[in-house]
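The residues making up each chain are set out below.
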Amino acid sequence: MSRLPSFAFRVLGAAIFLFFGVSRMQAQAPPNPPPAKEAEDADEDENPFAPQPAPSLPPGMTGSDANDPRANLKPGLYDAGEASMGLKHVVLLKKPDAFQLGTSDPDDPKVQKIIGQLGVGNTSKIPKPMQLVIAQLAFSNSD
């Protein structure tokens, strides 16, 4: 019995929605009139793919310079050219001795001490070369 009133309210609501919704609908607007013949002729003469002139530079700025050392660099993602006037590759420089662990042996007590300071108790599951890398990174970043 309780389903009948709820079904009746749904049908009544749908009928009201359709009645007021349909009565407020409007037809589509008529299409715009075709443009005048003169405007079509002017558009046909102009090439839409022609390059546009470059905008002028702001005051105080100059254009590109052919004497710039970066002008002839080769492009490339993995082998791009470099302009290195007075610059050094920091990655290629050796770290100062104060930041070096001083050993390349993973069984050295220094390595085990550094790993112990990191809070790693059981190092049996960490491969020996990885222990050395972890100790070197931790030592170089600790100062």
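Because the structure is predicted, anything quoted here is derived from the model rather than measured.

Parameters and conventions
Residues numbered from 1 in each chain as written. Predicted model: local features only at pLDDT ≥ 70, side-chain atom pairs only at ≥ 80, totals over all residues. Heavy atoms only, no water. Patch = residues over 30% accessible without salt bridge, like charges linked within 9 Å, V, L, I, M, F, W, Y side chains within 5 Å. Areas by Shrake-Rupley, 256 points an atom, 1.4 Å probe, with all protein chains shown as cover. Salt bridge = Lys/Arg side-chain N within 4 Å of Asp/Glu carboxyl O. Helix = DSSP H or I, 4+ residues; strand = E, 2+ residues; numbered from the N terminus. Buried < 20%, exposed > 50% of the residue type's maximum accessible area, 1.4 Å probe, protein only. Polar contact = N/O pair within 3.5 Å; in protein donor to acceptor, adjacent residues only side chain to side chain. Contact = heavy atoms within 4.5 Å.

*Asks:* Hey, could you run me through a nonpolar patch on the surface in this one?
*Replies:* Together, Phe9, Leu12 and Ile16 make up an exposed nonpolar region whose accessible area comes to about 330 Å². Assignment of secondary structure puts Phe9 in helix α1 (residues 3-23). A relative accessible area of 62% places Phe9 in the exposed class.

*Asks:* Is there a simple way to explain the environment of Leu132 in this structure?
*Replies:* Looking at where Leu132 falls in the secondary structure, it is placed in helix α4 (residues 128-142). Taking the relative accessible area as the measure of exposure, Leu132 reaches 12% and is therefore buried. Sequence separation between Leu132 and Ser104 is 28 residues, and the spatial gap between their C-alpha atoms is 7.2 Å.

*Asks:* I'm lost on the side chain of Thr103 in this one. Help?
*Replies:* Mapped onto the elements, Thr103 comes out in the loop between α2 (37-45) and α3 (109-117). Assessed through its relative accessible area of 15%, Thr103 is described here as buried. Looking at Thr103, its side chain comes within polar contact range of the main-chain nitrogen of Asp105, at 3.2 Å. Within the structure, the side chain of Thr103 is placed 2.9 Å from the side chain of Asp108, a separation counted as a polar contact. Sequence-distant contacts of Thr103, that is, excluding residues within four places in its chain, are made with Asp108, Val111, Leu132 and Gln136.

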